[in-house]
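Structural overview
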Amino acid sequence: MAVELCLLLLLFCGSTISEVQTIYKPPPGTLDFGFVPSKTYDTGAYHEPGPIGILFKIVHAFLYLVQPNSFPQDLIRKLAQQKFGNTQGDYQKAIYYEIGFIVSAALGLVFILLLPLVGLCFCMCRCCDNCGGEMHQRQKKNADCQRSCFATFLFVASLIISVGVLCAYAANQHLTNQIRGAKKLVNSNFKDLKIFLNDTPAQIDYLVSQYNTTKDKALSDLNNVGPLLGSRVQEQLGKEVRPALDAALTMAGAIRETKEALENVSVSVEVLQEGTERLHANLTDVKTHLSNTLSDSACSATQAASTCNIIRNSLDQLSINANFSGLPGVSSQLAKVNDVLKIDLSSLVQKGYAAFNDTPDLVVNQTRNILSDIKNVLDSIGSNITTFTKTLPVQKILADLTVYLTQSEAYVQDYFPIVEQYDFYRWLGCLILCCMLILILVFYYLGLLCGTCGYDKHASPTTRGCISNTGGNFLMAGVGFSFLFSWVLMIVVVLTFVTGGNVEKLVCEPFEDKTLFKILDTPYLLNQHWKNYLSGILFKNPDINLTFEKVYSDCKENKGIYTSLHLEHLFNINEFLNISMYTEDVALKIEHIQINLSKIILLDEIGKENLLNFSSSGIEGINFAGYLTEINKSVTKVDLLSFANDLEARADQLPKGALENALKGHANSIRMIHNQQVVPLEQAMSTLNQSIRLLKRTSSELMVKVKNVISAVNAAQLLINNNASLVIVQETKKYMDTIVGYFEQYIEWVKESIAMEVAACKPIANVIDTAVDIFLCSYVTDSVNTFWFGLGGSSIFLIPAIIFAVKLSKYYRRMDTEDVYDDTENGNNGYHKEHLYGIHNPVFTSSVEQW
């Protein structure tokens, strides 16, 4: 049933999977599908034993000493294949592997057989007044030392036995507590299995619902086909169109700048011609007045003659230097440029820009019908997925599995009280075994207590007190019960040791290091005709490499059951609903998109003719050399300010009087001429210089520039009219790959989710861990092994305890006879007359005879 559920879940998930080859290398926009809903499993398949874990580790170390050999994989395989014993070496290997257990068990059997026999012989011997049965104690000088040593050794042995009893009791109680708490662990596993069944449909529904995320993103891109596809087409075409239009627009700006430059030239030349005429007249007047002033008789004086001569010789410098009257006009060129500007070339170029920028709208209008068909295909995919999911009997199978799980849980709940009842019987039996040892320990401890407290070193063996005698009797009672119980205890120890030790070595340790799974994965082990048993059961194909170890490890990592069981060999999810068929339809319809951009006119013939008219405006015929020659000259031959300053300085050299004042007046007139006439002329010359140089740059290869602009516009127009289809096909392919890429993302996400998240089989691994690692190994085996370890240790130390108790009881019990010594020799009255006891005392008789 579980296998059927797994297959059905994967069938359902498979309805959303297909294999689509990636065409467009750059990845599309990443989609966010969220997280597959999942609940946390309650079962923690890990057991922490607590403080008793120290005892468990000690027992494990002891078992390693007993059995240090590695796991016998070959022997186990032969045993499973019923081939064990076919060769003589198999038994030798088995004996070699079990030698530690065999020797230990043999020693235990010797203990079981000999100790009751020794006890019987010991009792019969004592009944014959031998083996310490004679109620007579011989006095020895080291009697106190021997008594103390025997008491100490017995006390130490009793302590060791007590520790063993405590270990056995703790293990017994721990096993009972764990079994009582196992109900909660079992319920937790059943709860996780129910979550596993109940959450799986919700996870599948979530996977299916996330198709809407893919569809919505695809629809969003389809609705934005203008900004996406249209902008891509526009961007690719714009690599040639925009530079051509920019060049045309730049040329339109050049025409306007040319007009402004021609106007500046025309105005500046006129200003310069008029200004130089006025300046020439004013400078001539100044020279005339200066000459008249220098003709004054004052200049004939000896002090002024040389100065006046110098001034008279410099008057020729007061004249204009640049002659603008001979420069040709630019009125014809300006007229032609004005004619060119009657047509607004910038406006025509802007219309080209506007037409080109309308590419996204053209794409939207021309793909409206095809996009409608694509949307219908996307809706049909969702409808098919929904229809397919409704045809699967998911709920029925889940209901059946839930009923089966509920019945199993009820069965466990019904039988759990019986398990607890039998565990109580086991606990009671183990407690009785512990009580046997406790009874022996009670006698030993009471014997030590009474014997130690009631012992009087001044009392003779025949006169010991009641308390001391009672202590000796307690010790002998302990010895008697030791002989009675020890062999029973050892029987239990041997049985539990052999069973629990082998379970630990052959089951628990191999399970922990997964060696046990490797044994199960041995080809032809469980079925002599199947190479792989698990794949033979699930897929009826034993050649598929599906191992218990891999399934357990994958489930332990909480991977999806599809990945863990390799269900692709039984159910290929890509074959049940081939979405690639739909994506091919989408791709085919997108490829059929036909976009006509021939309506886009970048620059009409009027604009091109306008450019040609500008190139033939004649600005290249302007005499730029003549203009630049005059512009590079200064306005006057001498700097009027310097001349005026020099004139004033020389006037200061003359004697005070009318001549000096007249010359200074002329200097001021020259300064005024410079400020009012020369400075404006210099400004006009600067404007003329800039305009001429601009016109020179513009006119340089003007015809070639215009033809290049027109050629670029024609090439861009040709690209739009004839070759745009290639660009459109390329960008449409990229656009198509982007849309298809959303489906590929969805497919990969579904695959990943199915592999790692949907129907995560951690509960299955938890059930195995709970049954083997926790219940069998941690709860039962560790507790049983600790029990026999404590019980066995206590039983072994009963032997020295028996010996020391028998020896020590001689010093505590009241004797019937004793050795007698002289007072003067011994310093005490440790002797009695023989008639007091009716026993002949040779020592006493000898003493009397000597007297």
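Here the structure is a predicted model, which is why all the values come from computation and not from measurement.

Digging into the overall build of the protein
The helix and strand tally for the protein stands at 28 helices and two strands. Here the protein, with 851 residues, has 46% of them falling under the buried criterion. Sequence-distant contacts, at least 24 apart, represent 88% of the contacts inside the protein between residues at least 6 apart. For the protein, the exposed surface amounts to about 42800 Å²; the carbon and sulfur share of it is 58%.

Quick look at the state of the cysteines
A full pass over the atoms with the stated rule returns two disulfides. With its sulfur 2.1 Å from that of its partner, cysteine 508 forms a disulfide with cysteine 777. Here the disulfide of cysteine 508 and cysteine 777 is left-handed, its torsion about the S-S bond being about -100°. Of the two residues, cysteine 508 is situated in helix α14 (residues 466-512) and cysteine 777 in helix α25 (residues 762-796); the sequence distance between them amounts to 269 residues. Look at cysteine 777 and you get buried, because its relative accessible area is 5%.

Observations concerning the environment of threonine 687
Mapped onto the elements of the fold, threonine 687 is located in helix α23 (residues 658-699). A relative accessible area of 31% places threonine 687 in the partly exposed class. For the pair threonine 687 and serine 268, spaced 419 residues apart in sequence, the C-alpha separation works out to 7.0 Å. Ignoring any residue separated from it by four or fewer positions in sequence, one finds threonine 687 in contact with Asn264 and Ser268.

Here we look at the packing of aromatic side chains
Inspection of the entire model under this criterion finds 21 aromatic pairs. Look at tryptophan 530 and tyrosine 533: their rings are 5.8 Å apart centre to centre, the planes differ by 45°, and that puts the pair in the tilted class.

Describing the environment of isoleucine 803
Tracing the chain through its elements places isoleucine 803 in helix α26 (residues 798-812). For isoleucine 803, a relative accessible area of 46% corresponds to the partly exposed category. As for isoleucine 803 and phenylalanine 150, which are separated by 653 residues in sequence, their C-alpha atoms are 9.0 Å apart.

Quick word on the packing of helix α17 (residues 548-556) against α25
Between α17 and α25, the shortest axis-to-axis distance is 7 Å and the interhelical angle comes to 110°. When the axes of α17 and α25 are compared, the pair comes out roughly perpendicular. Both α17 and α25 take part in a crossing whose hand is left-handed. Contact with α17, carried on its side by Tyr552, Cys555 and Lys556, involves Lys762, Ala765, Ile768 and Asp769 of α25 and no other residues of that element. Per-class residue counts for the contact of α17 with α25 are four nonpolar, no polar and three charged.

Let's talk about a nonpolar patch on the surface
A cluster of nonpolar side chains, namely Tyr411, Tyr415, Ile418, Tyr422, Phe424, Tyr425, Leu428 and Ile432, defines an oily patch on the protein surface of about 830 Å² accessible area. By the element assignment, tyrosine 415 lies in helix α13 (residues 394-454).

Considerations on the confidence of the model for the protein
On average, residues of the protein score 77 in pLDDT, and 82% of them are at 70 or above. Per-element mean pLDDT across the protein ranges from 34 in helix α28 (residues 842-850) up to 91 in helix α2 (residues 53-66). Contacts from residues 822-851, a stretch scored under 50 in pLDDT, to residues over four places away or in other chains number 32 contacts.

Describing the nonpolar core
Leu318, Leu602, Tyr627, Leu663 and Leu688 are the most contacted members of the largest nonpolar core, which has 139 residues in total. Among the elements that make up this core, the one with the highest residue count is helix α7 (residues 225-294) (22 residues). Look past the residues within four positions of leucine 318 in its chain and what remains in contact with it is Leu283, Val286, Lys287, Leu290, Val638, Leu640, Phe643 and Ile670. Ranked by size, the runner-up nonpolar core spans 49 residues in total, among them Leu115, Ala151, Leu437 and Val806.

What about helix α21 (residues 624-631)?
Here α21 lies mainly inside the structure; six of its eight residues are buried. Considered for burial, the residues of α21 that qualify are Phe624, Gly626, Tyr627, Leu628, Glu630 and Ile631.

A short note on the pattern of salt bridges
Within the structure shown, the criterion is met by eight salt bridges. A salt bridge links lysine 550 to aspartate 554, with the nearest nitrogen and oxygen atoms 2.7 Å apart. Placement of the pair is lysine 550 and aspartate 554 together in helix α17, with a separation of four residues, close to one helical turn. Among the charged side chains, a network of salt bridges with common partners joins Lys550, Asp554, Glu557 and Lys559.

A word on unusual backbone geometry
Excluding glycine, residues mostly have negative phi values, and the peptide bonds linking residues are mostly trans. With a phi angle near 65°, lysine 514 is a residue other than glycine that sits in the positive phi range. What makes lysine 514 partly exposed here is its relative accessible area of 26%. Despite not being glycine, asparagine 558 shows a phi value in the positive range, around 65°. You can see asparagine 558 is positioned in the loop between α17 and α18 (561-564). Taking the relative accessible area as the measure of exposure, asparagine 558 reaches 28% and is therefore partly exposed.

Focus on helix α9 (residues 331-341)
All of the buried residues along α9 are Gln333, Leu334, Val337 and Val340. Buried residues along α9 cover an arc of 115° about the axis, so they all sit on one side.

What about the side chain of glutamate 98?
Within the secondary structure layout, glutamate 98 lies in helix α4 (residues 88-127). Put simply, glutamate 98 is tucked away with no salt bridge, and the nearest opposite charge, on lysine 505, sits 10 Å away. With sequence-adjacent residues up to four places away left out, glutamate 98 is seen in contact with Gln67, Asn502 and Leu506.

Here we look at the side chain of asparagine 610
On the secondary structure map, asparagine 610 appears in helix α20 (residues 605-615). Beyond its immediate stretch of four places on either side in the chain, asparagine 610 contacts Ile255, Val340, Ile343 and Leu345.

Quick notes on the environment of leucine 439
Tracing the chain through its elements places leucine 439 in helix α13. On the basis of relative accessible area, leucine 439 is assigned to the partly exposed category, the value being 31%. For the pair leucine 439 and alanine 477, spaced 38 residues apart in sequence, the C-alpha separation works out to 9.8 Å. In this structure, leucine 439 is in contact with Phe481 and Phe485, ignoring residues within four places of it in sequence.

Reading the values: rules and limits
- Within each chain, residue numbers correspond to sequence positions counted from 1 in written order.
- Where local features are concerned, this predicted model is filtered to residues with pLDDT of at least 70; where side-chain atom pairs are given and counted, the filter is 80 or more; whole-chain, interface and lining totals use all residues.
- Just so you know, side-chain values use all the structure's heavy atoms and leave hydrogens and water out.
- Counting from the N terminus, the helices are the DSSP runs of H or I reaching at least four residues and the strands are the DSSP runs of E reaching at least two.
- Residue burial is assigned from relative accessible area. The probe radius is 1.4 Å, only protein chains are included, and a residue is buried under 20% of its type maximum, exposed over 50%, and partly exposed in between.
- Two residues qualify as a contact provided that any one of their heavy atoms is within 4.5 Å of a heavy atom in the partner residue.
- Using a 1.4 Å probe, the Shrake-Rupley method yields the accessible areas, and only the shown protein chains count as cover for residues.
- The term disulfide is used for any two cysteine sulfur atoms that are within 2.5 Å.
- Any Phe, Tyr or Trp ring, taking Trp's six-membered ring, that has another such ring centre within 6.5 Å forms a pair; planes under 30 degrees apart are called stacked, those over 60 apart edge-to-face, and the others tilted.
- For helices, the fitted axis covers only the stretch in contact; all axes are lines through C-alpha atoms, and the angles between them, taken along N-to-C directions, range from 0 to 180 degrees.
- An angle counts as roughly parallel when it lies under 35 degrees, as roughly antiparallel when it exceeds 145, as roughly perpendicular when it falls between 65 and 115, and as oblique in every other case.
- Crossing handedness: left-handed means the near helix sits turned counterclockwise from the far one by under a right angle, and right-handed means the same turn made clockwise.
- In this classification, Asp, Glu, Lys and Arg are treated as charged, Ala, Val, Leu, Ile, Met, Phe, Trp, Tyr, Cys and Pro as nonpolar, and every other residue, Gly included, as polar.
- Each patch is built from salt-bridge-free residues with over 30% relative accessible area, joining like charges within 9 Å and nonpolar side chains (Val, Leu, Ile, Met, Phe, Trp, Tyr) within 5 Å.
- Only one rule defines a salt bridge in this text: a Lys or Arg side-chain nitrogen within 4 Å of an Asp or Glu carboxyl oxygen.
- Residue-level confidence of the predictor, termed pLDDT, takes values from 0 up to 100.
- Side-chain atoms within 4.5 Å link the members of a nonpolar core, which is a set of buried Ala, Val, Leu, Ile, Met, Phe, Trp, Tyr and Cys residues.
- The arc under discussion is defined with respect to the helix axis, by the directions toward the C-beta atoms.
- Residues scored as charged are limited to Lys and Arg (positive) and Asp and Glu (negative), so that His and the chain ends carry no count.

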